[in-house]
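Given next are the chains, with one letter for each unit.
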Amino acid sequence: MSQYRTFTAADAVEYAKRYGGIDDPSALVSAEEIGDGNLNLVFKIYDNQGVSRVVVKQALPYVRCVGESWPLTLDRARLEAQTLVEHYKYCPQHTVQIIHYDADLAVMVMEDLSHYRIWRSELVKGVRYPEASRQLGEYLAQTLFHTSDFILHPHQKKAEVARFINPEMCEITEDLFFNDPYNDHQRNNYPAALEPLVASLRHDNALRIAVAALKHRFFANAEALLHGDIHSGSIFVAEGSLKAIDAEFGYFGPIGFDVGTAIGNLLINYCGLPGLVAPREAADAREQRLADVHDIWSTFSARFLQLAKEKTTGIALGYPGYAQAFLRKVWADTIGYCGTELIRRTVGMSHVADMKLIKDVAMRTECLRNAITLGRTLILAADHVEDVDALIARIRQAG
Ligand code: SR1
Ligand code: MG
């Protein structure tokens, strides 16, 4: 890592000229730092006509939203680039294209997505992209099936698990998802009015055991190469198109973690909508979110089963009925991890716009309360929800 230096805008332009893969590199003249996430520098590179042409992203050696007191591995840039390169192989239509990356500088150049918008920013306005949830289900099925034991040779799978060992980023998830919200931790962040509810999570024996089991599977179940952080802020949408970005948490883990994170973020939006838009609009948008949840799971599961039928390589995993049995476990995991995403985004440190943008304090507290309660319900019910219709019925019941 000795070559590492933090890029200035001028460095980013020079780098894009060299590695951006564009026909007229001398036309690149300026850069704008647009990183609004928790971790990295992100530069949009413009040409002399003011058109953005590529993006340069560099990992900082610490957590950007906290500062240098929280150091963080630069290897996450390699893991992000390599995860996206793998996912692009299997689902190019829904994965951002990595044009170049350099492990020493912890930097990558990627396709410009200026004509797209961050899905979360659209969801908080109540704007629907009717194809997005099916596209996300397709992305999840293609990337997770093609990096799983259903298709990889056992030697290749083990080599891939080793290539994507990601201990520091996984530790963030292990702490923020499964530890902090269920303990009295200084990183937690919720209104004082919710203290009795949050304290009740800490003292709920069945919940703590269910969360321990989810954490244990996050440690132990190397089922597929996950995106690892597939929330609605890691997804760009445009009319008829969707692209996943930001895969620095990529590692081999339980498939239900990715599916549950994706669904969980739609449900955070579902819980926040009454505080974000007018009542009639909120009711319609909430129905759309439930339809989105249905579409994600039904697209994901149907495509995964089809791929398993057509492409499974081994005799044992290819035995008729096994893929269906496996997906029943993924379904239970999906519901459980979805519940942990709801709780970590409301009790833990990483809050999201779906709640933060609610101006009325009492309303925001109620929306947070509903999300925490829904999260707990889902974690506790995870093994007993028959199918996606039953899930939606439970979400409606939860209020
Ligand atoms: C310290 S990083 C906090 C969160 O931001 C990322 O986007 C991940 O979701 C992580 O959990
Ligand atoms: Mg991210």
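Residues numbered from 1 in each chain as written. Chains lettered and ligands numbered in written order. Predicted model: local features only at pLDDT ≥ 70, side-chain atom pairs only at ≥ 80, totals over all residues. Heavy atoms only, no water.

Interface size is often expressed as the accessible area that is lost when the parts come together. Along its sequence, the protein is organised into domain 1 (9-111) and domain 2 (117-398). With centres defined by C-alpha atoms, the gap from domain 1 to domain 2 works out at 26 Å. The largest per-residue losses of area from domain 1 upon contact with domain 2 belong to His87, Tyr90 and His94, which jointly make up 28% of the total buried on that side. Where domain 1 meets domain 2, there are 4 salt bridges. (Domains from an automatic or database assignment. Buried area = accessible area lost by both parts, 1.4 Å probe. Salt bridge = Lys/Arg side-chain N within 4 Å of Asp/Glu carboxyl O.)

Further remarks concern the pattern of salt bridges. One pass over the structure, following the stated rule, counts 30 salt bridges. Notably, a salt bridge pairs Arg187 with Asp180, separated by 2.7 Å at the nearest N-O pair. Overall, the relative accessible area of 25% leaves Arg187 in the partly exposed class. Linked by salt bridges that have partners in common, Glu86, Lys89, Glu160 and Arg163 make up one network. (Buried < 20%, exposed > 50% of the residue type's maximum accessible area, 1.4 Å probe, protein only.)

On to the sheet that holds strand S7 (residues 107-111). Across the sheet, 5 strands lie side by side as S1-S2-S3-S7-S6; this open sheet has antiparallel pairing. The sheet terminates laterally at strand S1 (28-33) and strand S6 (98-102), the two strands that pair on one side only. Between one strand axis and the next, the sheet turns by 20° as a mean value, whatever way the strands run. Sheet topology places S1 next to strand S2 (residues 40-47); 5 bridges connect them, and they run antiparallel. Bridge assignment links Glu32 to a residue of S2, and that residue is Lys44. In this fold helix H1 (residues 9-19) packs onto S1, S2, strand S3 (52-59), S6 and S7, with an angle of close to 130° to the strand it touches most, S1. (Pairing = 2+ DSSP bridges. Helix = DSSP H or I, 4+ residues; strand = E, 2+ residues; numbered from the N terminus. Axes fitted to C-alpha atoms, helices over the stretch in contact; angles between N-to-C directions. Contact = heavy atoms within 4.5 Å.)

With respect to spatial proximity, the complete set of residues near ligand 1 consists of Asn38, Leu39, Val63, Trp70, Leu176, Asp229, His231, Phe249, Arg344, Arg345 and Ser350. At 2.7 Å, a side-chain N or O of Asp229 approaches an oxygen atom of ligand 1. Residue Arg345 places a side-chain N or O atom 3.4 Å away from an oxygen atom belonging to ligand 1. With the chains in place, 94% of the 320 Å² that ligand 1 exposes on its own is no longer accessible. More than half of the atoms belonging to ligand 1 lie within 2 Å of the grid points that define the largest pocket. Class assignment of the residues belonging to the shell around ligand 1 gives a composition of 5 nonpolar, 3 polar and 3 charged. Mapping the shell around ligand 1 onto the domain boundaries places at least three of its residues in each of domain 1 (9-111) and domain 2 (117-398). (Near = heavy atom within 4 Å. Polar contact = N/O pair within 3.5 Å; in protein donor to acceptor, adjacent residues only side chain to side chain. Areas by Shrake-Rupley, 256 points an atom, 1.4 Å probe, with all protein chains shown as cover. 1 Å grid on protein atoms, 1.4 Å probe; cavity = no way out; pocket = protein on both sides within 12 Å on 5 of 7 lines; lining within 4 Å. Sits in = over half its atoms within 2 Å of the grid points. Nonpolar A, V, L, I, M, F, W, Y, C, P; charged D, E, K, R; others polar.)

Considered for burial, the residues of helix H14 (residues 388-398) that qualify are Val388, Leu391, Ile392 and Ile395. Across the axial projection of H14, the buried residues extend over an arc of 95°, all falling on one side. Its buried side turned inward, H14 meets helix H9 (255-276), helix H10 (279-311), helix H11 (322-344) and helix H13 (361-381). (Arc of directions from axis to C-beta.)

Attention shifts here to the packing of aromatic side chains. For the coordinates displayed, the defined rule picks out 21 aromatic pairs. Arranged with centres 5.7 Å apart and planes meeting at 50°, the rings of Phe178 and Phe218 form a pair that is tilted. Of this pair, Phe178 sits in helix H6 (residues 167-178) while Phe218 sits in helix H8 (residues 205-220); the two residues are 40 residues apart in sequence, bridging distant segments of the chain. Taken together, Phe145, Phe150, Trp297, Phe300, Phe304, Tyr322, Phe326 and Trp331 form an aromatic cluster joined through their ring pairs. Between the NZ or CZ atom of Arg286 and the centre of the ring of Tyr270, over which it lies, the distance is 3.9 Å. (Phe/Tyr/Trp six-rings, centres within 6.5 Å; stacked < 30°, edge-to-face > 60°. Lys NZ or Arg CZ within 6 Å of the ring centre and 35° of its normal.)

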